[in-house]
Amino acid sequence: MTATDSSHGKALRLGRLSRRGDGRYLFIPLDHSVSEGPVTTSPAFTGLVADVTAAGADAVVVHRGRARLIDTSALNGAGLVVHLSASTSHAPDSDAKVLVASVEDAVRLGADGVSVHVNIGSDTEERQLGDLGAVASECDRMGMPLLAMVYLRGPRVVDPHDARTLAHVVSIAADLGADLVKTSWTNPVERLRDVVTASPIPVLVAGGPSVAGDLAGYARDVITAGCAGLAVGRRVFEHPSPGDAVRSLTAAVHRRGTPPVPTSTRTLAGTP
């Protein structure tokens, strides 16, 4: 595959990951079944995927084995992102992520993107950064978009929601070759604007604290702060009606009249 071919392939796949062509993204991660346990019963999993994609999700995120088991019709035209990292809650260090699949695996599965998890401040940060860089190189070679899920987690982290440090986190993802970055929210959420202006690639934000009441309101605040979208897992699949939750998120993320901040116009802004 030539460099031109891979660049074209990546552009096509990135376009499929934003179904409405507006440069915004609503991803539903369902990879928690490895880290924490089943998100639903085995027979209900494909139905869950069908519910959230029919409700407007741009893509679902799953591990490679689960991707093989999803009926392709359940995607309803949404994208498929294969998560390449793993750890479990039973490990001595649950922040230590390891690669358990490859970009080539994702290509064989027909994926539109891959994701890698990195915990900045963890005891194994060095290895995780190396993994991210290696996967980014493979993604460039094979024309596969890369979503870096980068968080502040570990014994050296004082505040995982500090805007200044999260601005550093998203810069790491961009500098090591990611096409999209998912990270945590800030306290207050308005400070996400400082994170977005530090990033040359689109920023997606996690679903927020589970104790927060209004999921749609949180999503509107995130988009108003300039983020390109959200990646919401637990607050969707634990919702009494996952489809309804996604419909409200879709309306917030893909609302009309408020285009996302163009990457080319973003400038590095210092945080006060």
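Please refer to the structure higher up on the page.
Residues numbered from 1 in each chain as written. Predicted model: local features only at pLDDT ≥ 70, side-chain atom pairs only at ≥ 80, totals over all residues. Heavy atoms only, no water.

## Quick word on the overall build of the protein chain
Counting secondary structure elements, the protein chain contains eleven helices and ten strands. For a compact globule of 272 residues, the expected C-alpha radius of gyration is about 19 Å, and the protein chain comes in at 17 Å, within 12% of that figure. With respect to the three principal axes, the spread of C-alpha positions in the protein chain is 50 × 45 × 40 Å. By residue count, 54% of the 272 residues in the protein chain fall in the buried class. (Helix = DSSP H or I, 4+ residues; strand = E, 2+ residues; numbered from the N terminus. Rg over C-alpha atoms; globule rule 2.2 N^0.38 Å. Buried < 20%, exposed > 50% of the residue type's maximum accessible area, 1.4 Å probe, protein only.)

## Examining the nonpolar core
If you look at the biggest cluster of nonpolar residues, it comprises 84 residues, and the most contacted ones within it are F27, I28, L30, L146 and L230. Setting aside its immediate chain neighbours within four residues, L146 contacts V114, S115, V116, L132, V135, A136, C139, G177, A178, D179 and L180. (Core = buried A, V, L, I, M, F, W, Y, C linked by side-chain atoms within 4.5 Å. Contact = heavy atoms within 4.5 Å.)

## Things to note about the packing of helix α9 (residues 215-224) against helix α11 (residues 242-253)
Two numbers describe how α9 lies on α11: the axes approach to 9 Å, and their chain directions differ by 25 degrees. As far as their axial angle goes, α11 and α9 are roughly parallel. Handedness of the crossing formed by α9 with α11: right-handed. Contacts from L215, A216, A219, R220 and I223 of α9 reach α11 at A245, S248, L249, A252 and V253. Taken together, the residues of the contact of α9 with α11 break down into eight nonpolar, one polar and one charged. (Axes fitted to C-alpha atoms, helices over the stretch in contact; angles between N-to-C directions. Parallel < 35°, antiparallel > 145°, perpendicular 65-115°, else oblique. Left-handed = near helix turned anticlockwise from the far one by under 90°. Nonpolar A, V, L, I, M, F, W, Y, C, P; charged D, E, K, R; others polar.)

## Brief notes about the layout of surface pockets
The volume enclosed by the largest pocket comes to roughly 690 Å³. Around the largest pocket, the lining is made up of 36 residues, and of these H32, E36, Y151, R153 and R234 lie nearest the centre. At the level of elements, α2 (32-35), β4 (85-86), β6 (113-120), β7 (146-152) and α10 (234-237) are the ones that each hand at least two residues to the lining of the largest pocket. Considering only residue class, the lining of the largest pocket consists of eleven nonpolar, 17 polar and eight charged. (1 Å grid on protein atoms, 1.4 Å probe; cavity = no way out; pocket = protein on both sides within 12 Å on 5 of 7 lines; lining within 4 Å. Points joined across faces, edges and corners; volume = space filled by probe spheres on them.)

## Section: the sheet that holds strand β3 (residues 79-83)
The sheet built from eight strands closes into a barrel, its strands ordered β1-β2-β3-β6-β7-β8-β9-β10 with parallel pairing. For this sheet, the mean inter-axis angle between neighbouring strands, taken without regard to orientation, is 25 degrees. As defined by bridge partners, β3 adjoins β6 across three bridges and the pair is classed as parallel. Considered in β6, the bridge of V82 is made with V114. With respect to the sheet, α9 is in contact with β9 (203-206) and β10 (229-231), its orientation differing from that of β10 by roughly 130 degrees. (Pairing = 2+ DSSP bridges.)

## Describing the pairing of strand β1 (residues 25-29)
The element β1 is largely enclosed, with a buried count of five among its five residues. Here β1 shows no split at all, with Y25, F27 and P29 on one side and L26 and I28 on the other all buried. Strand direction decides the pairing type here: β1 and β10, joined by three bridges, are parallel. The residue bridging L26 from the neighbouring strand is L230, located in β10. In terms of strand pairing, β1 meets strand β2 (residues 59-62) through three bridges, oriented parallel. Paired with P29 across the two strands is V61, which belongs to β2.

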